[in-house]
Amino acid sequence: MIVGKVVGSLWATRKDNKLNGLTFLVVKPITHEDGAISRDSIVAADNAGAGIGDTVLVTTGSAARTSISNSDVPVDAVIVGIVDSIEVSHD
Amino acid sequence: MIVGKVVGSLWATRKDNKLNGLTFLVVKPITHEDGAISRDSIVAADNAGAGIGDTVLVTTGSAARTSISNSDVPVDAVIVGIVDSIEVSHD
Amino acid sequence: MIVGKVVGSLWATRKDNKLNGLTFLVVKPITHEDGAISRDSIVAADNAGAGIGDTVLVTTGSAARTSISNSDVPVDAVIVGIVDSIEVSHD
Amino acid sequence: MIVGKVVGSLWATRKDNKLNGLTFLVVKPITHEDGAISRDSIVAADNAGAGIGDTVLVTTGSAARTSISNSDVPVDAVIVGIVDSIEVSHD
Amino acid sequence: MIVGKVVGSLWATRKDNKLNGLTFLVVKPITHEDGAISRDSIVAADNAGAGIGDTVLVTTGSAARTSISNSDVPVDAVIVGIVDSIEVSHD
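My aim in this report is to walk through the structure given alongside it, one point at a time. Please read all numbers here as calculations on a predicted model, not as lab measurements.

**So, the overall build of chain A**
Okay, so step 1: When helices and strands are counted, chain A shows one helix and six strands.
Okay, so step 2: The order of α-helices and β-strands along chain A, N terminus first, is β-β-β-β-α-β-β.
Okay, so step 3: Along the first, second and third principal axes, the C-alpha set of chain A runs to 50 × 25 × 20 Å.
Okay, so step 4: Put simply, chain A has 91 residues, and 56% of those count as buried.
Okay, so step 5: Intrachain contacts of chain A at a sequence separation of at least 6 include 55% that bridge at least 24 residues.
Okay, so step 6: For chain A, the computed accessible surface area is about 3,600 Å², with 44% contributed by carbon and sulfur atoms.
Okay, so step 7: The distance from the centre of the 7 positive side-chain charges to the centre of the 11 negative ones in chain A is 13 Å.

Next comes the structure, spelled out in structure tokens:
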């Protein structure tokens, strides 16, 4: 899973009907390691009640659909949790 | 999901019959963050009535097939929406 | 989907029996945008009658298996079409 | 699969209920080759009893869910083993 | 699919029981094009009787499980063939 910060929202009126009712948020992945390539932001459907500024856990790929009740929804990234804390050791 | 701009079209007469009737568009991903690597354009099947110049939402992977009525269609990227607006905070 | 040029062939006598009868071609992805990272060639099973020098459309991931009649074939990239033309606007 | 070192933990109280009971660990991929791009850390659910400092084997994508008893759990990376040793030849 | 050279082996005693009996090999992807980014080695389960030094064909993603008789095995990369020869044209 990816950890990222919610930095924005996306609106699309003309879309696949199966996407109706979903909230689309722009998530900027957090880079944990110096020297690692900065990944560009992605758009994820929200399934955790996230808001701008929240640090979130994002599941990608086919697993994203298992978070949504309807497995026919065409999403490849879903916010599945709000991160309380991350502890990383650099020893 | 990826946000991109439709920059072109692709034609293929000789192809898997299951692809008949689909429109293939060339989508250039939009880079949200300075310093992020520019991703190359991809080819996506259109399921939102998109045209050249439109900003679109693209779903990739197995989720792409859930947007098409027939799940046996060999596509790995589908345009699922026309983006009205994106608001990104850089605070 | 990826657009690429067929630049070679691969032979493997000792292989998973489920791969018998398939032709494996080496496909070099075509880079559409200046500054985008050049992607390395991939090996794809041919389902469009492609030959060396052809520009082809390649579907990757689980969608690749939907192009082959038997969904148990362990392939993650299949050539699904021969590209006639691509029109890209750089306005 | 990816080989990595467990460098941290992640806590999320507000999350998809299907994730309850899982432990989320931060795994830093180990780079085997000089010159290869350093990959950023990922978050993986633990299914091998791993702890900080362990070298682990991580399965990603839809295969991650096959390690968890419930295939509806929205995870895209799972620790499936603790690595005892890796022998790599550089001849 | 990826073409690579087998450069090592990995042992893990404590692992998901569904992985028992599999051999895990370290595969270094072969770069076909100058200027393409060198990809780091991956760990793949062997389904072709490969050994150190062999050039192999590796299938990734959900397709990897179709090569193993039991589709519940949590692997995302499997060696599906031993490569006899690759002919690439650079015209």
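**Topic: the relation of the copies chain A and chain D**
Okay, so step 1: Note on the copies: chain A fits chain D at an RMSD of 0.0 Å, the axial shift is 0.0 Å, and the rotation between them is 72°. On this basis, the relationship between the two copies can be described by a five-fold rotation axis.
Okay, so step 2: Both copies present different contact surfaces, since only 10% of the interface residues of chain A are interface residues in chain D too.

**Considerations on the nonpolar core**
Okay, so step 1: If you look at the biggest cluster of nonpolar residues, it comprises 90 residues, and the most contacted ones within it are Leu57(A), Leu57(B), Leu57(C), Leu57(D) and Leu57(E).
Okay, so step 2: Residues in contact with Leu57(B), not counting those within four places in the same chain, are Leu10(A), Phe24(A), Val43(A), Met1(B), Ile2(B), Val3(B), Val78(B), Ile79(B), Val80(B), Gly81(B) and Val83(B).

**Some words on the environment of Ile30(B)**
Okay, so step 1: As for its placement among the helices and strands, Ile30(B) is situated in the loop between strand E2 (24-29) and strand E3 (42-46).
Okay, so step 2: Assessed through its relative accessible area of 29%, Ile30(B) is described here as partly exposed.
Okay, so step 3: Between the alpha carbons of Ile30(B) and Thr55(B) there is a distance of 8.8 Å; along the sequence they are 25 residues apart.
Okay, so step 4: In this structure Ile30(B) touches Asp40(A), Val3(B), Gly4(B), Lys5(B), Arg39(B) and Thr55(B), once residues within four positions along its chain are discounted.

**Side note on the interface of chain A and chain D**
Okay, so step 1: Across the boundary between the two partners, chain A contributes 31 residues, which contact 34 residues of chain D.
Okay, so step 2: Carbon and sulfur atoms make up 51% of the surface buried where chain A meets chain D, a total of about 2,500 Å² over both sides.
Okay, so step 3: Where chain A packs against chain D, one counts zero salt bridges.
Okay, so step 4: Inspection of the chain A/chain D interface yields 16 residue pairs in polar contact (both at pLDDT 80 or more).
Okay, so step 5: Sorting the residues of the side of chain A that touches chain D by element identifies strand E4 (55-60), helix H1 (63-67), strand E5 (77-82) and strand E6 (85-88) of chain A as the ones contributing at least two each.
Okay, so step 6: For the side of chain A that touches chain D, the per-class residue count stands at 14 nonpolar, twelve polar and five charged.

**Topic: the arrangement of the chains**
Okay, so step 1: For chain A and chain C, which are not in contact, the least C-alpha distance works out to 10 Å.
Okay, so step 2: In this assembly chain C lies apart from chain D, the nearest approach of their C-alpha atoms being 10 Å.

**What about the relation of the copies chain B and chain C?**
Okay, so step 1: Mapping chain B onto chain C leaves a residual RMSD of 0.0 Å; the transformation is a rotation of 72° accompanied by 0.0 Å of translation along its axis.
Okay, so step 2: Residue by residue, only 6% of the interface of chain B is reproduced at the interface of chain C, so the copies engage with different surfaces.

**Focus: the side chain of Arg65(A)**
Okay, so step 1: When you line up the elements, Arg65(A) lands in helix H1.
Okay, so step 2: As a buried residue without a salt bridge, Arg65(A) has its nearest oppositely charged side chain in Asp72(A), at a separation of 6.4 Å.
Okay, so step 3: Once residues within four sequence positions are removed from consideration, Arg65(A) is found in contact with Asn70(A), Ser71(A), Val73(A), Val75(A), Ser62(B), Ala63(B) and Thr66(B).

**Considering the pattern of salt bridges**
Okay, so step 1: Counted according to the given criterion, the structure contains five salt bridges over all chains.
Okay, so step 2: Taking the shortest distance from any N to any O, the salt bridge between Lys18(C) and Asp16(C) comes out at 3.4 Å.

**Remarks on the environment of Thr60(B)**
Okay, so step 1: As for its placement among the helices and strands, Thr60(B) is situated in strand E4 (residues 55-60).
Okay, so step 2: Owing to a relative accessible area of 26%, Thr60(B) belongs among the partly exposed residues under this scheme.
Okay, so step 3: Not counting residues within four places of it along the chain, the set of residues in contact with Thr60(B) comprises Asp76(A), Ile2(B), Asp76(B) and Ala77(B).

**Focus on the interface of chain B and chain C**
Okay, so step 1: With 33 residues of chain B at the interface, the matching set in chain C holds 31 residues.
Okay, so step 2: Here chain B meets chain C over a buried area of about 2,500 Å², counting both sides, of which 51% is carbon and sulfur.
Okay, so step 3: Looking only at chain B, the three residues that lose the most surface to chain C are Trp11(B), Arg14(B) and Asp40(B), adding up to 25% of its buried area.
Okay, so step 4: One can count zero salt bridges joining chain B with chain C.
Okay, so step 5: Where chain B meets chain C, there are 16 residue pairs in polar contact (both at pLDDT 80 or more).
Okay, so step 6: Going through the elements one at a time, strand E1 (2-11), E2 and E3 of chain B are the ones with two or more residues in the side of chain B that touches chain C.
Okay, so step 7: The dominant element in the side of chain B that touches chain C, judged by the number of residues it contributes, is E1(B), at six residues.

**Describing the pairing of E4(A)**
Residues and elements named next belong to chain A.
Okay, so step 1: Of the pairings in the sheet, the one linking strand E1 (residues 2-11) to E4 comprises four bridges and is antiparallel in character. Bridge assignment links Ile2 to a residue of E4, and that residue is Val58.
Okay, so step 2: In the sheet, E4 pairs with E5 via five bridges, with the strands oriented antiparallel. Pairing of Thr59 across the sheet is with Val78, part of E5.

Conventions used here
- Residues numbered from 1 in each chain as written.
- Chains lettered and ligands numbered in written order.
- Predicted model: local features only at pLDDT ≥ 70, side-chain atom pairs only at ≥ 80, totals over all residues.
- Heavy atoms only, no water.
- Helix = DSSP H or I, 4+ residues; strand = E, 2+ residues; numbered from the N terminus.
- Buried < 20%, exposed > 50% of the residue type's maximum accessible area, 1.4 Å probe, protein only.
- Contact = heavy atoms within 4.5 Å.
- Areas by Shrake-Rupley, 256 points an atom, 1.4 Å probe, with all protein chains shown as cover.
- Lys, Arg positive; Asp, Glu negative; His and termini not counted.
- Charge placed at Lys NZ, Arg CZ, Asp CG, Glu CD.
- Least-squares fit on C-alpha atoms with pLDDT ≥ 70 in both.
- Core = buried A, V, L, I, M, F, W, Y, C linked by side-chain atoms within 4.5 Å.
- Buried area = accessible area lost by both parts, 1.4 Å probe.
- Salt bridge = Lys/Arg side-chain N within 4 Å of Asp/Glu carboxyl O.
- Polar contact = N/O pair within 3.5 Å; in protein donor to acceptor, adjacent residues only side chain to side chain.
- Nonpolar A, V, L, I, M, F, W, Y, C, P; charged D, E, K, R; others polar.
- Pairing = 2+ DSSP bridges.

The values are spatial; any link to function lies outside them.
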